[in-house]
Amino acid sequence: MTTPHVNPAFIGDDGIDDMGMPYKMKNSNSEPPPKEPKEREQWGKGVEFLMSCIAMSVGLGNVWRFPFTALDNGGGAFLIPYLVVLFLVGKPIYYLEMIIGQFSSRGSVKVFDLCPAMRGIGYGQAFMVFLLGTYYESICAIIGFYLVNSFMNPLPWAKCRPEWGDHCMDSAPKQQLGNGSLLKDGLNALTKLQRSTDIMEEELVGTSNRTISSSELYFVKEVLREKKNINDGIGLPNWELVFGLFVSWLCVFAIIIKGVRSSGKASYFLAIFPYVIMAVLLIRAVTLPGSLDGIIYFIKPDWSKILDPTVWYAAVTQCFYSLSVCFGNIIMYSSYNKFGHNVHRDATIVTGLDTCTSLLAGFTIFGILGHLAHEIGTDDIRSVVKGGAGLAFISYPDAIAKFQSLPQIFSVLFFLMLFVLGIGSNIAMTSCTVTAVRDYFPKVKQWQCALGIATVSFCIGLAYVTPGGQFILTLVDYFGASMIALFLGIAELYVLGWAYGVDRLCKDAEFMMGRKVGAYWRLCWGVVTPVIMTSILVYFLATYTPLKYNDAVYPSWAYGIGWTITSFGILQVPIWIVVGTIRAPGSSWTMKLKNAFKPTNDWGPSDPLLREQYNKEIANEAISNQNLGCLGYIRKNIFG
C-alpha cells in the first residue's frame, strides 16, 4: 500500500502548488524569493541509473571468479549458501545504500552528515575505492594486450618458443597431417598436460622440471616478465602494458568527462554488450562435444561442504565484492537520482541479475572446459584448468588455443567482453572519487577533477605493469581493499542501523517513495546483516596468515607498506570521531559527543521545501519517542 505524499516543492503551470495555495501568497511581501541552491546533476533517465548499476556490479568477478569459487566450495552445493547470503547480506545492503544516497543527494563522504562523528567511514571508503581504481585499470591493460594479440594467427600463446626451454608444452593440439586424428604425440601431450596442472604458485624457474603450458609461459615471460621475488625491487614498466594502461584510463576519462550525463549514455553499451558476447559464447559452448559433462561438473553438489564455515565465508566475500556494496559506489550513483525514484525495483533487478550472470558465466566457462577435456580424452575436468590470479590469462587462453576452428574469434570476443566489464566497473569507482572531491569543492569542474584523478591513478598504476607488478597488486588488493572494505562496511551498517536508526531509515524511504518498508528489511538492517558481517570479520582475523604471492614471502618493507595502507584507511574512523566531536555544538564535551552522532542541520532532501516538511515530521517523531527507554528504543528501531 502506498502512502499519499504532498510535495510542497511542486508548482503547477497555473501557479498552484500541491497544497492548493497560489505561489505568490507564500511570498506576499515585496522581497524576492530566497536564492535556490544549485541543483545537483541528475541522470537523464531512470534507466541510465539502472544500466550504470548493472555495469558496475556485473564485472570481472562474475565471469572468472564466481565459477571457480563455486567449484572449490562444493559446486552446486555452494549455490545454497550463496543465495542465502545474497538475501541476507547483498540485497539488504544494496537497497540500504540506494535509499540513503537518493534521499540525501550526497556522495559517499558527505552522506555521513547523518552522523558527522563517523564521517571517517566515508573518507576511508573513498581512499579504498581510489586504490581499487589504480590497479583495476592495470588488469584492463593486460586484457587489452591479449585483445590486440588475439588477432594474430596462430595465437601467440598457442606454441612454445625456443627461449622458453625444453619443459614447455604447446597449448594448441597436435594433429596428424593425414586424417586429423590425435597421434601418439597427442597422447604424450595429455600426459604432459596432466603434469602441468600443478597450482600456479609453483616456481616457474630454477630447479623445477615440471612441464608448463605455452599459455602459462607466455603470460609469465612475455606479458608480465615476472620476477621470482621483489627483494631487489619491482623493475621497470613494460612499455606495451603502459600503453594499454594509458588507453584504459583514456576510455574511463572520456566516459566520465561530463559526469552522469556522459556516463549514463555509455551505460547502455557497457551493461548490454557483455551479455551479447556471453550469449554468443554460451550458445557456442553448449553445442560443443563434451560441454554437458563440464556443466554437470560445475553444478554437481558436494554436500559434505555445506556446513563448512570456509564455504560460507567464500559465499559472503563473493557476494560482498561482486555487488560492490559498502564501497560507496552505490551511494554515489543513487545520489544523482530524482527524488522519489523507485530504487526498490532497481535493487531487486541488479542483485538478481548479478547472480544470474554468475551462473551464466559458469555454464559458459565449464561448457568450454568440458569440451576441452573431451578433446584431450580425459574425464577429469579439474585437470585441464587452473584457478587463482592467472585464471583469465592462463586457463582461458589455453582452452581457446585448443579450439580446432577459428580460435581467434573466440579469443577476441572473450577479451573484448572482459575489457568492457573492467571499464564499466572502474567508471563507478573513479566517479565515486570524483564525486567525493566535488561535493567538498564544488567550484572544481567535472573534467578537471576527472583528469586529475585519472592522471594520478595512471602514474600509480605504472607500478603494477612492472616485472614485480603482480606482487604489488596482490599486496594492495589484500591490505587496501579486502581488509579496509570489511571493517568499514561493518562500521557503516552499525552507524546506519543504530546511530541513525533503522526506524528513521524506513521513515525516510516512506517519505521519499511513498511505500512502507517491510519486516524483512528491518530485521536485516538492524540485526541479521550486521551480525553476519561481524562474524565474517572475526573468522577473517582468526584465520589470518601472512600474505604470499606464488608461495613467495614478501620482504619486510612490503608488509610495512601493506599495514600502513590498512591503518590509513581504518584510522580515519577514530580520527574523525575526535574531529567531529570538537566541531559539534555543545557547552560540554559530553554534549558535543552526543551532538556529533546526530545529523547536521541541513541533513535531509536537497530541496529546501521538502526538507522543511521532513524536519517537521522528524520533530513530531522525536516527541513521540521520548521516554521510550533502552528496550523500547531497540524494539521500535527493529519493529517500528
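You'll find the structure just up there.
Residues numbered from 1 in each chain as written. Predicted model: local features only at pLDDT ≥ 70, side-chain atom pairs only at ≥ 80, totals over all residues. Heavy atoms only, no water.

Per the counting criterion, the structure on display carries 45 aromatic pairs. Ring centres of Phe298 and Phe363 lie 6.0 Å apart, and the angle between their planes is 85 degrees; this geometry places the pair in the edge-to-face category. Of this pair, Phe298 sits in helix α9 (residues 291-299) while Phe363 is found in helix α12 (residues 343-376), placing the two residues 65 residues apart along the sequence. Ring-pair connections join several aromatic residues into one group, and the members of that group are Phe145, Tyr146, Trp157, Tyr218, Phe219, Phe393, Phe414 and Phe415. The ring of Tyr440 carries Lys110 above its face, with NZ or CZ at 5.0 Å from the centroid. One Lys or Arg, Lys592, reaches over the ring of Trp589 and ends 5.9 Å from the middle of that ring. (Phe/Tyr/Trp six-rings, centres within 6.5 Å; stacked < 30°, edge-to-face > 60°. Helix = DSSP H or I, 4+ residues; strand = E, 2+ residues; numbered from the N terminus. Lys NZ or Arg CZ within 6 Å of the ring centre and 35° of its normal.)

Attention now moves to empty space enclosed by the protein. Under the defined criterion, the tally for this structure stands at four cavities of 30 Å³ or more. Put simply, the largest cavity is a space of about 110 Å³. Among the elements of the structure, α12, α13 (391-401) and α14 (407-440) are those that each provide at least two residues to the lining of the largest cavity. For the lining of the largest cavity, the element with the most residues is α12, which contributes four residues. When the residues that make up the lining of the largest cavity are grouped by side-chain class, the tally is ten nonpolar, one polar and no charged. (1 Å grid on protein atoms, 1.4 Å probe; cavity = no way out; pocket = protein on both sides within 12 Å on 5 of 7 lines; lining within 4 Å. Points joined across faces, edges and corners; volume = space filled by probe spheres on them. Nonpolar A, V, L, I, M, F, W, Y, C, P; charged D, E, K, R; others polar.)

With that settled, consider the nonpolar core. Grouped together as the largest cluster of nonpolar side chains are 181 residues, with contacts concentrated most on Tyr94 and Phe414. Here this core gets 26 residues from one element, more than from any other, and that element is helix α16 (residues 469-513). (Core = buried A, V, L, I, M, F, W, Y, C linked by side-chain atoms within 4.5 Å. Buried < 20%, exposed > 50% of the residue type's maximum accessible area, 1.4 Å probe, protein only.)

A complete count under the given rule lists one disulfide for this structure. Two residues share a disulfide in this structure: Cys160 and Cys168, whose sulfurs sit 2.0 Å from each other. Looking along the S-S bond of the Cys160-Cys168 disulfide, the torsion reads about -90 degrees, which is the left-handed sense. Using a relative accessible area of 25% as the deciding quantity, one classes Cys160 as partly exposed. (Disulfide = S-S within 2.5 Å.)

Take unusual backbone geometry next. The step from Asn153 to Pro154 runs through a cis peptide bond, and the omega angle for that step is 0 degrees. Note that Pro154 resides in the loop between α4 (119-149) and β1 (168-169). Of note in the backbone geometry, Ser105 takes a positive phi value of approximately 55 degrees without being a glycine. By secondary structure assignment, the location of Ser105 is in the loop between α3 (79-104) and α4. Relative accessible area serves as the criterion here: at 14%, Ser105 is assigned to the buried category.

This part is about the pattern of salt bridges. For the structure shown, the criterion picks out 15 salt bridges. Across the pair Glu510 and Lys516 runs a salt bridge whose closest N-O atoms are separated by 3.3 Å. According to the relative accessible area criterion, Lys516 is exposed, its value standing at 56%. (Salt bridge = Lys/Arg side-chain N within 4 Å of Asp/Glu carboxyl O.)

An ideal rise of 1.5 Å per residue puts 45 Å on 31 residues; α4 measures up with 46 Å between its terminal C-alpha atoms. When you tally the buried positions in α4, you get 28 out of 31 residues, the bulk of the element. (Expected span 1.5 Å × (residues − 1).)

Attention now moves to the packing of α14 against helix α15 (residues 446-461). Where α14 meets α15, the axes come as close as 10 Å, and the angle between the chain directions of the two elements is 125 degrees. Comparing their axes, α15 and α14 come out oblique. You can see that α14 and α15 cross each other, and the crossing is right-handed. Contacts between α14 and α15 involve Thr430, Thr433, Val434, Val437 and Arg438 from the former and Gln446, Cys449, Ala450 and Ile453 from the latter. Taken together, the residues of the contact of α14 with α15 break down into five nonpolar, three polar and one charged. (Axes fitted to C-alpha atoms, helices over the stretch in contact; angles between N-to-C directions. Parallel < 35°, antiparallel > 145°, perpendicular 65-115°, else oblique. Left-handed = near helix turned anticlockwise from the far one by under 90°. Contact = heavy atoms within 4.5 Å.)

Nonpolar side chains collect at one region of the surface, where Ile80, Val84, Trp303 and Trp312 lie side by side and expose about 380 Å² of accessible area between them. Inspection of the secondary structure puts Trp303 in the loop between α9 and α10 (309-322). Trp303 sits in the exposed class, given a relative accessible area of 54%. (Patch = residues over 30% accessible without salt bridge, like charges linked within 9 Å, V, L, I, M, F, W, Y side chains within 5 Å. Areas by Shrake-Rupley, 256 points an atom, 1.4 Å probe, with all protein chains shown as cover.)

Summarising the element assignment, Glu97 is placed in helix α3. A relative accessible area of 0% means that Glu97 is categorised as buried. Those residues in contact with Glu97 that sit more than four places away from it in its chain are Val325, Cys326, Phe327, Ile330, Ile331, Ser334 and Glu492.

No statement about biological role is implied by the geometric values presented.
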